[in-house]
Amino acid sequence: MDILDRLPPGTRYAIFNQGVHLTWKGTTHRIAKYYTPGHGLVGVITVSEHSQEMLRYAFENFDVHRVHVGVDSGFFHSGEGPRANRIAYMPRRGSEDAHQVLQLLRGRGLLDGWDIVALDGLPQAKVATELQTTTIFLAFAYQEGFGLPPAEAMACGNYVIGYDGFGGRELFRPEFSARVQTGDIVGFARAVENAIAHENAQPGWCRERGDRAAKFILSEYSLQREREEVKRIYAQLLRVKASD
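Residues numbered from 1 in each chain as written. Predicted model: local features only at pLDDT ≥ 70, side-chain atom pairs only at ≥ 80, totals over all residues. Heavy atoms only, no water.

K.L.:
Would you mind showing me how to read unusual backbone geometry here?
P.N.:
Most peptide bonds adopt trans geometry, and most residues besides glycine take a negative phi value. Even without glycine at this site, Phe 166 takes up a positive phi of about 70 degrees. Summarising the element assignment, Phe 166 is placed in the loop between strand 7 (159–162) and strand 8 (177–179). Relative accessible area serves as the criterion here: at 29%, Phe 166 is assigned to the partly exposed category. (Helix = DSSP H or I, 4+ residues; strand = E, 2+ residues; numbered from the N terminus. Buried < 20%, exposed > 50% of the residue type's maximum accessible area, 1.4 Å probe, protein only.)

Next comes the structure, spelled out in structure tokens:
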């Protein structure tokens, strides 16, 4: 919004909204001002089905374009070979829920023989390297525009368990992940317990599902698809501008 405040009168602009749940941190007046076509808006672009639905519900006077976020396969890919018993999560996302879930599992002895990897403050390349060594990724984000961390974990061949953050709902398919209702601590712990039990009984159970997830993510959310959609959408928006 601060950038829009500085635009000269009469400027045409498009809004790229990748954090839809942050939209209403501003005042109602400012939001209405800039999300109204009559004030120079030529289009809105966002990053998930959920974000698109939310923006269309809020602002009915214009179409909302969706871009599929690209996951960089140069960094995020599943690699080859077996995985060690390692579980990754990001402590800056839902840290209190993460603490409760892990404590429940530790208290029941379910994490014996499993390493817990907290990914925090790491550059992209290091995150990718770590995710290529883990078997399970735990997602604790409450509200996401898209849900890039679980997507990247899936691309690296992890079995992802946890909250979809709404924006990541389209990622959490039952054939290769386990979606948990947001805030359900016991349900989360049970989903992890179930995955560990399957892995103990059938080594490679998580990896098999992680490989399915990787194929899905790197096909559905490729950088090439993102580039093509961005070019197409902005070409359409520029034509709207020219015709006005």
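Structure's up, so let's keep going.
K.L.:
Explain helix 3 (residues 49–58) here, please?
P.N.:
Because an α-helix packs 3.6 residues into every turn, residues spaced three or four apart end up facing the same way. Every buried residue of helix 3 is accounted for by His 50, Ser 51, Gln 52 and Leu 55. Looking at the buried residues of helix 3, the elements they touch are strand 1 (13–17), strand 2 (41–46) and strand 3 (64–66). (Contact = heavy atoms within 4.5 Å.)

K.L.:
What is the right way to read empty space enclosed by the protein from this model?
P.N.:
Leftover empty space is mapped by rolling, across the atoms, a probe with the size of a water molecule. Within this structure, the stated rule accounts for one cavity of 30 Å³ or more. Taken as a whole, the largest cavity encloses approximately 110 Å³ of empty space. Lining the largest cavity are 15 residues, with Arg 93, Ala 139, Phe 140, Ala 141 and Pro 150 positioned closest to its centre. When residues of the lining of the largest cavity are traced back to their parent elements, those giving at least two are strand 6 (136–139) and helix 6 (148–155). (1 Å grid on protein atoms, 1.4 Å probe; cavity = no way out; pocket = protein on both sides within 12 Å on 5 of 7 lines; lining within 4 Å. Points joined across faces, edges and corners; volume = space filled by probe spheres on them.)

K.L.:
Where do I start with the pattern of salt bridges in this structure?
P.N.:
Side chains that carry opposite charge are capable of pairing whenever their charged atoms lie near each other. Using the criterion set out here, one finds 13 salt bridges in the structure. Note that Arg 86 and Glu 130 form a salt bridge whose closest N and O atoms lie 3.5 Å from each other. Placement of the pair is Arg 86 in strand 4 (residues 86–89) and Glu 130 in helix 5 (residues 124–131), with a sequence separation of 44 residues. Each member of the pair Arg 86 and Glu 130 is classed as buried. The shortest N-O distance in the salt bridge between Arg 225 and Glu 229 comes to 3.1 Å. Separated by four residues within a single helix, Arg 225 and Glu 229 lie in helix 9 (residues 223–243), roughly one turn from each other. Among the residues examined, Arg 225 registers a relative accessible area of 26% and is labelled partly exposed. Salt bridges sharing common partners tie together Arg 86, Lys 126 and Glu 130. (Salt bridge = Lys/Arg side-chain N within 4 Å of Asp/Glu carboxyl O.)

K.L.:
When you look at the packing of helix 4 (residues 95–107) against helix 7 (residues 185–201) in this model, what are you seeing that I'm missing?
P.N.:
In a pair of packed helices, the angle between the axes and the distance between the axes together describe the arrangement. Helix 7 packs onto helix 4 with a crossing angle of 50 degrees between their chain directions and a minimal axis gap of 9 Å. The orientation of helix 4 with respect to helix 7, classified from their angle, is oblique. Handedness of the crossing formed by helix 4 with helix 7: right-handed. Residues Asp 97, Gln 100, Val 101, Leu 104 and Leu 105 of helix 4 pack against Ile 185, Phe 188, Ala 189, Val 192 and Glu 193 of helix 7. For the contact of helix 4 with helix 7, a count of residues per class yields seven nonpolar, one polar and two charged. (Axes fitted to C-alpha atoms, helices over the stretch in contact; angles between N-to-C directions. Parallel < 35°, antiparallel > 145°, perpendicular 65-115°, else oblique. Left-handed = near helix turned anticlockwise from the far one by under 90°. Nonpolar A, V, L, I, M, F, W, Y, C, P; charged D, E, K, R; others polar.)

K.L.:
How should the packing of aromatic side chains be read in this particular structure?
P.N.:
Given two aromatic rings, their pairing is described by the distance between the two centres and the angle made by the two planes. Evaluation of the coordinates by the stated rule reveals twelve aromatic pairs. Among the aromatic residues, those joined into a cluster by ring pairs are Tyr 89, Phe 140, Tyr 142, Tyr 163 and Phe 188. (Phe/Tyr/Trp six-rings, centres within 6.5 Å; stacked < 30°, edge-to-face > 60°.)

K.L.:
Would you mind going over the sheet that holds strand 1 with me for this structure?
P.N.:
Pairing between sheet strands relies on hydrogen bonds along the backbone, with the strands arranged either parallel or antiparallel. Across the sheet, which stays open at both edges, the three strands sit in the order 1-2-3 with parallel pairing between neighbours. Sheet topology places strand 1 and strand 3 at the edges, where each strand pairs with a single neighbour. For this sheet the average axis-to-axis angle between neighbouring strands, irrespective of direction, equals 25 degrees. Here strand 2 runs beside strand 3; their pairing, made up of three bridges, is parallel. The residue of strand 3 that forms the bridge with Ile 45 is His 65. Most of the contacts of helix 3 go to strand 3, to which it runs at about 180 degrees, and overall it touches strand 1, strand 2 and strand 3. (Pairing = 2+ DSSP bridges.)

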